[in-house]
2 protein chains.
Amino acid sequence: LTANANAPFDVQTPALLVDQAQFAANIDRLKAKVDATPGQVRHRPHLKTVKSVELARQITEALDTDAITVSTLKEAEIFAEAGFRDILYAVGITPAKLDRVVALQRAGVDLTIITDNLATAKAIGDFCNQADCEIPVLIEVDVDGHRSGVLPEDSDNLLAIAATLSKGAELRGVMTHAGGSYDAQSEDEMRDCAALERTRTLVAAQTLREAGYLCPLVSIGSTPTALHSDDLSGVSELRAGVYAFFDLVMAGLGVCHINEIALSVLTTVIGHQRDKGWTLVDAGWMAMSRDRGTANQPIDQRYGLVCDASGRVIEDGIMISANQEHGILAVRPGSDRALPDWPVGTQLRVLPNHACATAAQHSEYLLVDGSGEVLSTAERFNGW
Amino acid sequence: LTANANAPFDVQTPALLVDQAQFAANIDRLKAKVDATPGQVRHRPHLKTVKSVELARQITEALDTDAITVSTLKEAEIFAEAGFRDILYAVGITPAKLDRVVALQRAGVDLTIITDNLATAKAIGDFCNQADCEIPVLIEVDVDGHRSGVLPEDSDNLLAIAATLSKGAELRGVMTHAGGSYDAQSEDEMRDCAALERTRTLVAAQTLREAGYLCPLVSIGSTPTALHSDDLSGVSELRAGVYAFFDLVMAGLGVCHINEIALSVLTTVIGHQRDKGWTLVDAGWMAMSRDRGTANQPIDQRYGLVCDASGRVIEDGIMISANQEHGILAVRPGSDRALPDWPVGTQLRVLPNHACATAAQHSEYLLVDGSGEVLSTAERFNGW
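Quick notes on the rules
Residues numbered from 1 in each chain as written. Chains lettered and ligands numbered in written order. Predicted model: local features only at pLDDT ≥ 70, side-chain atom pairs only at ≥ 80, totals over all residues. Heavy atoms only, no water. Contact = heavy atoms within 4.5 Å. Buried area = accessible area lost by both parts, 1.4 Å probe. Salt bridge = Lys/Arg side-chain N within 4 Å of Asp/Glu carboxyl O. Polar contact = N/O pair within 3.5 Å; in protein donor to acceptor, adjacent residues only side chain to side chain. Helix = DSSP H or I, 4+ residues; strand = E, 2+ residues; numbered from the N terminus. Nonpolar A, V, L, I, M, F, W, Y, C, P; charged D, E, K, R; others polar. Buried < 20%, exposed > 50% of the residue type's maximum accessible area, 1.4 Å probe, protein only. Right-handed = clockwise from strand over helix to strand, strands pointing away. Pairing = 2+ DSSP bridges. Arc of directions from axis to C-beta.

Undergrad: Give me the lowdown on the interface of chain A and chain B, citing residues and values where you can.
TA: Facing 54 residues of chain A, the contacting portion of chain B comprises 54 residues. Buried area between chain A and chain B, summed over both chains or domains, comes out near 4,300 Å², and the portion from carbon and sulfur atoms is 54%. Considering only the side of chain A, the residues that lose the most area to chain B are Gln 12, Arg 147 and Trp 384 of chain A, jointly responsible for 17% of the buried surface there. One can count four salt bridges joining chain A with chain B. Here Arg 290 of chain A ties to Asp 291 of chain B by a salt bridge, and the two come within 2.6 Å at their closest N and O atoms. At the junction of chain A and chain B, the tally comes to 27 residue pairs in polar contact (both at pLDDT 80 or more). Of the residues forming the side of chain A that touches chain B, the biggest block, five residues, is contributed by strand β10 (residues 263–273) of chain A. Among the residues making up the side of chain A that touches chain B, the classes are represented as 20 nonpolar, 22 polar and 12 charged.

Okay, structure coming up:
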């Protein structure tokens, strides 16, 4: 902490801040919600958001689980190195990545992969036979048409993939991600997405079980559906990621309040264009990311919502535009407010549209307490 | 190279490719253009795009210059470590960063900083007096209203900043960036932007010179204006960055042809949704960035334009949507074409909207030749 009231943080900007207490509260909220929902589900948190061993440990301890989800093999390798042993790589595998999968398996990691098609299933089975290994695989199911996956009603395809996988690999079950929930317009719609995510994935599991496959794992998850599920019966594990930080997209969906967003970018005022009501800061899209996830929501936050250094929201203050290392702050179009006349050197926080994208622009988190003191730092990584 | 015709590159995907010959040709094009333009201008290439020591050396050798531009002090520190000694940090300084500036200066680096306001000028002057150093400073001029800078006609403000800086710092001249040129609609408009960039910056220099300041440096630059300037007389140095790679935004502006884009993301097919005409690949926004710079251009390329592994454009093939590690390829809306039915495992290239943003998502360049062979790798960095 510095003696300067305008610039309380003794750090170089831009910097990525995590409100430690809010981060913990957000994880606890997910745990409490799932604990209170019918079903016997285990958490398999998606770590693509944090990409940090330190924060991964905080999350898995709070959720009382050893299982994790990753979006890249680099994540799997780094978390394995840090001691995690039960990992789901939740992006459709390509044959060229199987060498890295089996290397992790041979290092003692229970790494599960996914696919949604016969050609890949055959490649996995052939690879297992050649390499004399048995890689666990989930079949990806498409519950809402937003991305990849087999339609749960397409029994022929499901059973063909299952039969092909079983010649060499270990068919462990089914998984889906209800990404369509990000387009929900209300709590009711998120509840509907959650119900559909569960029931349609169970349809696929049922098809496999009726054909004699054990299908022990039924894995689902997204932050909006995880926090709006009325029933998790039959689901074995839940994968959510962004809930730990939250962001403006989630706030726009009604999944969280603005003051529950635990992630922000600390920035410093470098100048003004007073005729235009602009304040220039040293965080541009390189610090915020180019993510404009709120662009199609009722409230467009442009490149982020402005707060003072303590995290108090400046009403109608947004980053209206961003260059690589310049952000332009102004009041949102139509507002009759004005930004405070912050002196050059003043530190501000900007809340991000999309926590995963903003965090990915940084190599370190600064964990801060409510008074703005930096409690610790946590390294984060990117790459494949 | 692999024996597989669908997947010629023996590398893990996604990966960032630079066509070595095209990269060199793009740099040569800028040099030839500037050589043929009236004026005595030296190149000070902006390295915020490449952020790589290896590529920085290729650029400065080809442009026959030792001077470079950076967008962060981290860049300044890394390039200084690599031997560069004449560096302009082209983002308005904050007082809290002056310690790092003087540390570089004391390590023998001629590091120039910029500001556009009196408060910062005073802080720089005071700092120089206290630290017993003389930091070179350029006054930033606003030629097109797109961002920061003093209006060139605002002589009172210009002279006040100059007078304040001169009490401690070294006033070295003026600079601008004609970012407004990115919104130009034609070659003529880019020519107009280039003329305005030069003449308005010279107005500011003239004001300072008439008041007795030497103002030795007049620094301008942007890729569209650098390649459309008819006259550089009176300009001492030119800063451009993205020209070395080019990208879809530059192609959309008419600054380059699609086949002159030297940067692409190599990706692999992981599946299909054939009913929808979708091909799923393992490059999402984490590999492409969230930059949608062509969204407001006549041709919206969504998350990028699809090419085969050799770099040949697939007509109307674009990445219509992107999740963190998934890209969805399809033909552009309204097209009556269809994508080829690429098998799982097929490698493709995707051309980026914005080279600076896409490169920033990666930690390494693979420099490739026309046949697709990887000639060498070059590390890149991010951060502040």
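This is not the end of the story, as more comes after the structure.
Undergrad: Just give me the short version of the pairing of strand β6 (residues 136–140) of chain A, but keep the residues and values in it.
TA: Residues and elements named next belong to chain A. Of all five residues in β6, five are buried; the element is thus mostly enclosed. Burial along β6 is two-sided: the residues Pro 136, Leu 138 and Glu 140 and Val 137 and Ile 139 are all buried. Regarding the hand of the β-α-β motif, the stretch spanning strand β5 (residues 110–115), helix α5 (residues 118–131) and β6 is right-handed. For β6 and strand β7 (residues 170–175), the ladder comprises five bridges, and the chain directions are parallel. By the bridge assignment for β7, Val 137 is matched with Leu 171. On the question of chirality, the crossover connecting β6 to the parallel β7 by way of helix α6 (residues 155–166) is right-handed.

Undergrad: If you had to explain helix α2 (residues 53–63) of chain B to someone new, which residues and values would you point to?
TA: Residue and element names in this part refer to chain B. Among the residues of α2, those classed as buried are Val 53, Leu 55, Ala 56, Ile 59, Thr 60 and Leu 63. Looking straight down α2, one finds its buried side chains confined to an arc of 160°; they lie on one side. Here α2 starts with a cap whose side-chain oxygen sits 3.4 Å from the backbone nitrogen of Glu 54, and that cap is Ser 52. Looking one or two residues past α2, Asp 64 carries a phi angle of roughly 55°, positive in sign.

Undergrad: Run through the pattern of salt bridges, naming residues and quoting values.
TA: Residues and elements named next belong to chain B. Applying the stated criterion to the full structure yields 46 salt bridges over all chains. Arg 29 serves as the salt-bridge partner of Glu 260, at 3.7 Å between the closest nitrogen and oxygen. Of the two residues, Glu 260 is situated in the loop between α9 (248–253) and β10 (263–273) and Arg 29 in helix α1 (residues 20–35); the sequence distance between them amounts to 231 residues. On the accessibility criterion, Glu 260 (18% relative accessible area) is buried. By relative accessible area, which is 28% here, Arg 29 ends up partly exposed. The closest approach of N and O atoms between Arg 44 and Glu 237, which form a salt bridge, is 2.6 Å. Taken together, the positions of Arg 44 in the loop between β2 (42–43) and α2 and Glu 237 in strand β9 (residues 237–238) put the pair 193 residues apart, joining distant regions of the chain. On the basis of relative accessible area, Arg 44 is assigned to the buried category, the value being 2%. Residue Glu 237 is classed as buried on the basis of its relative accessible area, which comes to 0%.

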